[in-house]
Amino acid sequence: MNRVKAVVAYDGTNFSGYQLQPGQRTVQLEIDKALVKIHKDDSAHSVASGRTDAGVHALGQVIHFDTPLSLPPDRWQMALNVLLPTDIRIVEVMYVDADFHARYHATGKTYIYKWSYAEVHSPFERNYSVHLGRSKLDLEKMKEAAMHLVGTHDFTSYCSSKTATTNRVRTIRLLTLEKHAEELVMTIEGDGFLYNMVRTIAGMLFAVGIGRYTPEDIKKILALKDRQAAGKTAPAHGLYLLNVTYKD
């Protein structure tokens, strides 16, 4: 058997998230359907670096799958893209060692979150950025708040109360906010993220920007280790999984 690694981009608008769910259209469902057709084997399946929620997009999700076939990487890319719906694209394929694991060998992930400053939010952008409307953001205070989250912390206050894992210590290596034309983009890189962690952080930085919280509040809420102390989770459609990193 050969192990194949693939980088996947998808528009999350019309998916109920990445992971298989009974009776729902998911990204994994569509990828696995394509693998089953290629292999003529119902057991063919993929493994991803992690899940994304309904409405969340990806530019660089990573998956792996095992196969007895020995197609060149470009043929794998073409074969999968022919079978996949157009809101999923395979952007890179390579053969990897048999022990490579898309999830367990990941050393970090980078996400971006987008807000739109546009006076009128384009209908072509409505599913890909969160419109600020009349909200006026204090970008400098948002940047000051972000610095309190960089480093290694227990992020219980900044993840969903439904998070299953008991170890909620994570390291954020980079957290920046940059204004580009009519967009504000948050970039966050870390060794891993808890359920809804990135969207909760985005929501809290937005709340600082509009004056609902202060930068110092962000630090205090982090220390409380209590999700109820933090504000709303930001909408899913502004979030993108940018890339996943590995030791290699």
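Located above this text is the structure these notes cover.
Definitions and limits used
Residues numbered from 1 in each chain as written. Predicted model: local features only at pLDDT ≥ 70, side-chain atom pairs only at ≥ 80, totals over all residues. Heavy atoms only, no water. Helix = DSSP H or I, 4+ residues; strand = E, 2+ residues; numbered from the N terminus. Buried < 20%, exposed > 50% of the residue type's maximum accessible area, 1.4 Å probe, protein only. Contact = heavy atoms within 4.5 Å. Salt bridge = Lys/Arg side-chain N within 4 Å of Asp/Glu carboxyl O. Axes fitted to C-alpha atoms, helices over the stretch in contact; angles between N-to-C directions. Parallel < 35°, antiparallel > 145°, perpendicular 65-115°, else oblique. Left-handed = near helix turned anticlockwise from the far one by under 90°.

Caption draft 1: Seen up close, the side chain of T187. Position of T187 among the secondary structure elements: in strand β9 (residues 183-190). Taking the relative accessible area as the measure of exposure, T187 reaches 18% and is therefore buried. With near-sequence residues (within four places) excluded, T187 lies in contact with T110, Y111, I112, L174, L175 and T176.

Caption draft 2: Highlighting the pattern of salt bridges. Under the criterion given, the structure shown has 6 salt bridges. Where E30 meets R25, a salt bridge forms, and the shortest distance between an N and an O atom there is 3.5 Å. Close ionic contact of D87 with R25 constitutes a salt bridge, the shortest N to O distance being 3.0 Å. Remark: R25 occurs in the loop between β1 (2-10) and α1 (27-39) and D87 occurs in the loop between α2 (73-83) and β4 (88-96); sequence separation between them is 62 residues. Residue D87 is classed as buried on the basis of its relative accessible area, which comes to 17%. Look at the salt bridges and you will find they share partners, linking R25, E30, K33 and D87 into a network.

Caption draft 3: Quick look at the packing of helix α3 (residues 139-147) against helix α4 (residues 197-209). Between α3 and α4, whose axes approach to 8 Å, the crossing angle comes to 140°. Here α4 runs oblique to α3, going by the angle between their axes. Crossing angle aside, the handedness with which α3 passes α4 is right-handed. Contact residues: α3 offers K141, M142, A145 and A146, while α4 offers L205, F206, V208 and G209.

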